[in-house]
Structure formats: C-alpha cells, structure tokens
Amino acid sequence: MAVLALGSALLLSACSSGQASDAKSNGAAAGQENAVSETIQNNSSKAHSSDLSPASAAVSPANIDYVFTSQGQDGEQLVLKEINNAQQSIDLAMYNLSRGSIVKALAKASERGVQVRIISDQSKVNLDDLQRLVDANVPIRINTFEGKMHEKLMLVDGKTALVGSFNYTRASSEENDEVLLAIHDVALTSQWNEIFTKMWGDQERYRNWQGN
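These remarks concern the structure in this document.

Criteria and cut-off values
Residues numbered from 1 in each chain as written. Predicted model: local features only at pLDDT ≥ 70, side-chain atom pairs only at ≥ 80, totals over all residues. Heavy atoms only, no water. Helix = DSSP H or I, 4+ residues; strand = E, 2+ residues; numbered from the N terminus. Buried < 20%, exposed > 50% of the residue type's maximum accessible area, 1.4 Å probe, protein only. Contact = heavy atoms within 4.5 Å. Areas by Shrake-Rupley, 256 points an atom, 1.4 Å probe, with all protein chains shown as cover. Pairing = 2+ DSSP bridges. Right-handed = clockwise from strand over helix to strand, strands pointing away. Axes fitted to C-alpha atoms, helices over the stretch in contact; angles between N-to-C directions. Parallel < 35°, antiparallel > 145°, perpendicular 65-115°, else oblique. Nonpolar A, V, L, I, M, F, W, Y, C, P; charged D, E, K, R; others polar. Core = buried A, V, L, I, M, F, W, Y, C linked by side-chain atoms within 4.5 Å. Polar contact = N/O pair within 3.5 Å; in protein donor to acceptor, adjacent residues only side chain to side chain. Phe/Tyr/Trp six-rings, centres within 6.5 Å; stacked < 30°, edge-to-face > 60°. Salt bridge = Lys/Arg side-chain N within 4 Å of Asp/Glu carboxyl O.

As a further point, take the overall build of the protein chain. Per the secondary structure count, the protein chain includes 7 helices and 8 strands. Counting only residues that meet the buried cut, the protein chain has 42% of its 212 residues in that class. If you take every contact in the protein chain between residues at least 6 apart in sequence, the share linking residues at least 24 apart comes to 72%. Accessible surface, the protein chain as shown: approximately 11000 Å² in total, 45% of it carbon and sulfur.

This part is about the pairing of strand β3 (residues 115–120). Most of β3 is tucked away, with 5 of its 6 residues classed as buried. Relative to β3, strand β2 (residues 89–94) runs parallel, the two being bridged by 6 bridges. Its bridge partner lying in β3, L92 is registered against I118. Of the crossover connections in this fold, the one passing from β2 over helix α4 (residues 100–111) to the parallel β3 is right-handed. Summarising the sheet, β3 and strand β4 (residues 140–143) pair through 3 bridges and their orientation is parallel.

Attention now moves to the packing of helix α3 (residues 75–85) against α4. Following both chains from N to C, one finds α3 and α4 inclined at 5°, their axes separated by 9 Å at the closest point. With respect to α4, the element α3 is oriented roughly parallel. Contacts from E76, V79, L80, I83 and N84 of α3 reach α4 at S101, I102, A105, L106 and A109. Tallied by class, residues from the contact of α3 with α4 come to 7 nonpolar, 2 polar and 1 charged.

Attention now goes to the nonpolar core. Grouped burial of nonpolar side chains is what soluble globular proteins tend to show. Of all hydrophobic cores here, the largest spans 34 residues; its most connected members are L97, L106, L133 and Y168. Broken down by element, the residue count for this core peaks at 6 residues, all from α4. Ignoring sequence-local partners within four residues, the contact set of L106 consists of I83, I90, L92, L97, V116, I118 and L133. Membership of the second largest hydrophobic core comes to 18 residues, among which are L155, L181, I183 and Y206.

For α3, the full list of buried residues reads G75, E76, L78, V79, L80, E82 and I83. For α3, the side-chain oxygen to backbone nitrogen distance between the N-cap and E76 is 3.1 Å, and the N-cap itself is D74.

With that settled, the discussion passes to the packing of aromatic side chains. Counting across every chain of the model gives 4 aromatic pairs. On the basis of an interplanar angle of 90° and a centroid distance of 5.7 Å, the ring pair of F145 and Y206 is categorised as edge-to-face. Here F145 is found in the loop between β4 and β5 (152–156), whereas its partner Y206 is found in strand β8 (residues 206–208), with 61 residues between them in sequence. Residue class for Y206 comes out buried when judged on its relative accessible area of 5%.

With that settled, consider the pattern of salt bridges. Applying the stated criterion across every chain, the model contains 6 salt bridges. Here E76 ties to R99 by a salt bridge, and the two come within 2.8 Å at their closest N and O atoms. In this pair, E76 sits in helix α3 while R99 sits in the loop between β2 and α4, placing the two residues 23 residues apart along the sequence. No difference in accessibility class separates E76 from R99, as the two residues are buried. A salt bridge links D91 to R117; its shortest N-O distance comes to 2.9 Å. In this pair, D91 sits in strand β2 while R117 sits in strand β3, placing the two residues 26 residues apart along the sequence. The same class applies to D91 and to R117, which are both buried.

See the structure below:
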C-alpha cells in the first residue's frame, strides 16, 4: 500500500506541476533544484538504513509515463516495452501474474541474460503460467503469511519503476479500469530495489516456489 500511495502522490505531483505558473523567478527555480537534490540524498540514506519507513522522493514530471485504461490507453504495451528493453535486471513483485504475453516476455528476458526475480502471492500462483518461468530458470518466491502479497511493482535495470493498480492479467489488460505509472528515476528505483531485496531475503515471510 505504501508503494501505491507513493506512486499516486507522484502522479498528483505531475498533474499539479503541469498547472503551475510559468512566472517563477530564476532564484525560486534554483531553490527548488537544491530542495530536490537534498530530498533525494536524504531518502537515499533512509533506503539504506534498517528503518525502511515511508519516504517521499522528488521526481520530475517529465520522467513519468502513465496509462489510464479507462481512457483507452494500453498498460500491457507499456509493461512489455520495459521488459523487452531490459538489459540487466527485472525485479517483479506482482500479486497476480497470468498474462501470457507478459509471462513469455519475462521468460525471454531471462533467456537473453537478464536477471529476473519474481515475488507473487501464494493464492495466485498459476501453475501453467509460472511453470514456464520456472523452466526458464527464473527464481520465484511466494508469501507464507496469512495476508496478501498485494504489490504491483516492477523495477527495471535499477532506473525505471512501474507501479499502480495494474495486475499482469487479462482482466487488467482488457476489462478493468486501471492506472499504471512508469517512473524513470535512478534514485527512486534504487530505494525501491532496497525494499524489494529486503522482501526477497525475508525467510520468515517468503519461501521459494519450485513449480510442479
């Protein structure tokens, strides 16, 4: 929920920034740039501390792509674009992962040498789809706690974060009203990679899933 809240806040920031007056002075602009730099530095320190409390980050609206499926925009194509362009790593925390085209793209990414790690929910493990990823040597972990692993987050190459309400399913692609953001920001993605890695290594709350 904290990830979704931060993603929503970033979108609201992008919208409000677009409505801001162009009459700001150069001195005010310089002050904003200094504030942004200080915020990123402070949050980077938070991400590396043991206390991963909710943090804010300043991201330029120009670095955010977003999709509203209610407006006829295609979230699946945004996801596929980022997967197909990945060169080093994909960290995916996805509540429901069953869209064949996305599963296929993730498998191909692994086969071409991209390090892919997936965390999913124990109640949403689809043997037919996720088995293909296991066969492609993609490590998968699922939750062991009673609640849900309800995140919808993908981190690509340490520089782009996709977050929103969009599950990687047919329903999200074809039926539901969903929102998806692609945030191109190294500092923010680095923070969220720290959180993902902490989840990945949590032996009490997650376990390996080996498929059939």
